[in-house]
Amino acid sequence: MLIKSLKGWEIPESLATPEDIALNRRTLMTGAGAIAASSLLPGFAHAAGSADPTAGLYPVKRNETFKLSRPITPEKVNSKYNNFYEFGSHKQISRAAQALPIRPWEIKIDGLVEKPFTISIDDLIAKMSLEERLYRHRCVEAWSMTVPWSGFAMRDLVALAKPLSGAKFVRLETFQNKAIASGQQAFWYPWPYVEGVTIEEANNDLAFMVTGAYGKPLAKQFGAPIRLALPWKYGFKSIKSIVRISFTDTQPVSFWEKITPREYGFWANVNPKVRHPRWSQAKERVLGTNEEIPTQLFNGYGEFVAALYTDKEGQQLYL
Ligand code: MTE
């Protein structure tokens, strides 16, 4: 079967040449002239957030608890280098992603909660206290970036949902609309994109629901209007453009886990010592500079999250 011949990240990895070209292009694009030229692109104009009803809410106050040890990745770099398989299995999806309509946008909260409900993104944002956090992001493909995300604590979303005591996991789901997201026409992928965390992980200080970046509403290629950021886990856990959040007693099976369970597990915590079956995780390439730096356990966030896993020895915590 076709699905068996696909090996998860093999597709993007096999596109290494375009990726290199893209990175070189990024290095060239640091000139002021290039910035002016790129800001004329239609996609870039939308990324600026001009049409978003929440534009006036940003920038929001930075939470200084979360510190970076390296510079923020320039917006023009990572807004042109994205993983968003709904719009293609390569990195240059930013233009295609502008086709995603982000209003109206409703999020269904269901499963093991006191009372399931549906809420619009604007009503949800209005209920939450927004802040900015500087986070590292380590992709399983061994590249990394640092981003000023804006949003609210995932813990506040859990509180709003009022889960029942039997709820052990949170399952999150991305929109599905193959008329606008051509990647979803690839029938061998198990759409919609799904991810999941335990309730304890969702309530951890670091788990962050992202509604903005770089002091503006979230650009579509970043997963507008709402995505997750779990900076201690490989980037594929940080699901984009969420439409459904379900509370469940069953461990969710994620999109990538369904495709290649041998390579992508439920926990996916960053660990430089545990190889991906096809490549080392010891180092990461920093987007923007292309510098190679050592990867840290839990992506450097051990002080926040290590305690979540002390009773889980024997499980594949780093795949
Ligand atoms: N969410 C959805 N719905 N679809 C995706 O393809 N890719 C994941 C994650 N969330 C993905 C997704 C992966 S592999 C990474 S590394 C990050 O999004 C990339 O986020 P970025 O494009 O903002 O860098």
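Predicted, not measured: the structure shown is a model, and the values here were computed from it.

Caption draft 1: A look at unusual backbone geometry. Across the junction of Y58 and P59, the peptide omega takes the value 0°, indicating a cis bond. Positionally, P59 belongs in the loop between α5 (42-47) and α6 (75-78). Residue P104 is reached from R103 by a cis peptide bond, and omega for that bond is -10°. Tracing the sequence through the fold places P104 in the loop between α7 (94-97) and β1 (106-111). Positive phi is not limited to glycine here, since N290 has a value of about 65°. The residue N290 is located in the loop between β11 (283-286) and β12 (292-294) in this model.

Caption draft 2: Structural view of the nonpolar core. If you look at the biggest cluster of nonpolar residues, it comprises 85 residues, and the most contacted ones within it are W149, W232 and F247. Tallying contributions element by element places strand β4 (residues 143-153) first for this core, with five residues. When near neighbours in sequence (up to four residues on either side) are disregarded, W149 contacts E131, E132, R133, Y135, F208, V210, G212, A213, L218, F222, R227 and A229.

Caption draft 3: Broad picture of the packing of aromatic side chains. Using the criterion set out here, one finds 29 aromatic pairs in the structure. For the ring pair Y85 and W256, a centre distance of 5.0 Å and an interplane angle of 85° mean the geometry is edge-to-face. Taken together, the positions of Y85 in the loop between α6 and α7 and W256 in helix α11 (residues 255-259) put the pair 171 residues apart, joining distant regions of the chain. Judged by relative accessible area, which is 0%, W256 ranks as buried. Aromatic rings pair up to connect Y85, F187, W188, Y189, W191, Y193, F236, F255, W256 and Y264 into one cluster. In this structure, R136 packs its charged tip against the face of Y301, placed 4.3 Å from the ring centre. The ring of F266 has K237 lying over it, and the distance from NZ or CZ to the ring centre is 4.5 Å.

Caption draft 4: Representation of the site of the ligand within the structure. In the vicinity of the ligand lie 19 residues, with Y85, E86, R227, S238 and K240 positioned nearest. Here R227 contributes a side-chain N or O atom positioned 2.7 Å from an oxygen atom of the ligand. With respect to the ligand, the side chain of K240 contributes an N or O atom lying 2.6 Å from an oxygen atom. Considered on its own, the ligand offers 530 Å² of accessible surface; in the complex 100% of this is hidden by protein.

Caption draft 5: Region of interest: the environment of L57. Here L57 is to be found in the loop between α5 and α6. According to the relative accessible area criterion, L57 is partly exposed, its value standing at 44%. Each C-alpha atom, one on L57 and one on A126, is 9.8 Å from the other, the two residues being 69 residues apart in sequence. Those residues in contact with L57, other than ones at most four positions away along the chain, are I125 and L130.

Caption draft 6: Spotlight on the pairing of strand β2 (residues 117-120). In this structure, β1 lies alongside β2, joined through four bridges in antiparallel fashion. Paired with I107 across the strands is I119, a residue of β2. The loop that links β1 with its antiparallel partner β2 comprises five residues.

Caption draft 7: Quick look at the sheet that holds β2. A sheet is described by the order of its strands in space; here five strands give the open sequence β2-β1-β10-β5-β6, paired in mixed fashion. If you trace the sheet from one side to the other, it starts and ends with β2 and β6 (194-198), each paired once. Averaged over all pairs of adjacent strands, the angle between their axes in this sheet comes to 20°, without regard to strand direction.

Caption draft 8: Spatial organisation of helix α9 (residues 154-161). Inspection of α9 places M154, L157, V158 and A161 among the buried residues, and these make up the whole buried set. End-on view of α9: buried residues confined to an arc of 100°, all on one side of the axis. Trailing α9 by a residue or two, K162 shows a phi angle of about 55°, which is positive.

Caption draft 9: Up close: the pattern of salt bridges. This model, assessed by the stated rule, comprises 17 salt bridges. Salt-bridge contacts for E284 lead to R70; the nearest nitrogen and oxygen are separated by 3.4 Å. Of this pair, E284 sits in strand β11 while R70 sits in the loop between α5 and α6, placing them 214 residues apart in sequence. Comparing E284 with R70 shows no difference in burial state: the two are buried. The shortest N-O distance in the salt bridge between R138 and E284 comes to 3.2 Å. Highlighted residues: R138 in strand β3 (residues 131-138) and E284 in strand β11, separated in sequence by 146 residues. For the pair formed by R138 and E284, the shared burial category is buried. The structure contains a network of salt bridges with shared partners spanning D110, R171, E173 and R244.

Quick notes on the rules
Residues numbered from 1 in each chain as written. Predicted model: local features only at pLDDT ≥ 70, side-chain atom pairs only at ≥ 80, totals over all residues. Heavy atoms only, no water. Helix = DSSP H or I, 4+ residues; strand = E, 2+ residues; numbered from the N terminus. Core = buried A, V, L, I, M, F, W, Y, C linked by side-chain atoms within 4.5 Å. Buried < 20%, exposed > 50% of the residue type's maximum accessible area, 1.4 Å probe, protein only. Contact = heavy atoms within 4.5 Å. Phe/Tyr/Trp six-rings, centres within 6.5 Å; stacked < 30°, edge-to-face > 60°. Lys NZ or Arg CZ within 6 Å of the ring centre and 35° of its normal. Near = heavy atom within 4 Å. Polar contact = N/O pair within 3.5 Å; in protein donor to acceptor, adjacent residues only side chain to side chain. Areas by Shrake-Rupley, 256 points an atom, 1.4 Å probe, with all protein chains shown as cover. Pairing = 2+ DSSP bridges. Axes fitted to C-alpha atoms, helices over the stretch in contact; angles between N-to-C directions. Arc of directions from axis to C-beta. Salt bridge = Lys/Arg side-chain N within 4 Å of Asp/Glu carboxyl O.

Worth remembering: the numbers are spatial, not functional.
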